[in-house]
Amino acid sequence: MSKQNGALVGAMDQHELAEHWGIPVRTLAAWRYQGKGPRYMKLGGAVRYRLEDVEAYEAANLVGADR
């Protein structure tokens, strides 16, 4: 993952996303197995989460009156 003008660009691996959200990497693995969580891609066996998919997942899971 890289930053451009302070904004995240590209894709994150599961460790970066887990750190970003403050959750265990195993939670992301369990979500993938269960078909939950944000969309992801596998490149040569490595799991990557595109920033746009992470942001879409976050937006879809907002709770409150100002959705």
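Use the structure listed above.
Residues numbered from 1 in each chain as written. Predicted model: local features only at pLDDT ≥ 70, side-chain atom pairs only at ≥ 80, totals over all residues. Heavy atoms only, no water.

**A short note on the overall build of the protein**
Here is the rule: The secondary structure listing takes helices from DSSP runs of H or I that are at least 4 residues long and strands from runs of E that are at least 2 residues long, numbered from the N terminus. Remark: exposure states derive from per-residue accessible area (1.4 Å probe, protein chains only) relative to the maximum for the residue type, with buried under 20%, exposed over 50%, and partly exposed in between. In this analysis, two residues are considered to be in contact whenever any of their non-hydrogen atoms come within 4.5 Å of each other. Per-residue and other accessible areas were derived by the Shrake-Rupley procedure at a 1.4 Å probe size, with only the shown protein chains allowed to occlude residues.
For the protein, the count of helices and strands is three helices and five strands. Going residue by residue from the N terminus, the α and β elements of the protein occur as β-β-β-α-α-β-β-α. Relative to its 67 residues, the protein shows a buried fraction of 18%. Within the protein, residue pairs in contact and separated by at least 24 positions form 40% of the contacts whose partners lie at least 6 positions apart. Total accessible area on the protein is roughly 5,000 Å²; 49% of this is exposed by carbon and sulfur atoms.

**Description of the sheet that holds strand 3 (residues 11-13)**
The test is simple: Between any two strands, at least two bridges found by DSSP are needed for them to pair. Angles run from 0 to 180 degrees between N-to-C directions of axes, and those axes are lines fitted to C-alpha atoms, restricted for helices to the stretch in contact.
The strand order 3-5-4 describes an open sheet built from three strands, whose pairing is antiparallel. With partners counted over all chains shown, the strands left at the sheet margins are strand 3 and strand 4 (41-43), one partner each. Strand-to-strand, the axes of this sheet are offset by a mean angle of 40°, without reference to chain direction. Where strand 4 meets strand 5 (residues 46-50), three bridges bridge the pair, whose relative direction is antiparallel. By the bridge assignment, Met 41 is partnered in strand 5 with Arg 48. Relative to strand 5, helix 3 (residues 51-60) is tilted by about 60°, and along the sheet it contacts strand 3 and strand 5.

**Thoughts on the pattern of salt bridges**
Two side chains bearing opposite charge may form a pair once their charged atoms approach each other closely. We count it as follows: Take a side-chain nitrogen of Lys or Arg and a carboxyl oxygen of Asp or Glu: if they are within 4 Å of each other, that pair is a salt bridge.
Counted by the stated rule, this structure contains two salt bridges. Residues Arg 50 and Asp 53 are paired through a salt bridge, measuring 2.8 Å at the closest nitrogen-oxygen approach. Residue classification places Arg 50 among the partly exposed positions, given a relative accessible area of 29%. Relative accessible area serves as the criterion here: at 10%, Asp 53 is assigned to the buried category.

Coordinates in, geometry out; function isn't part of it.
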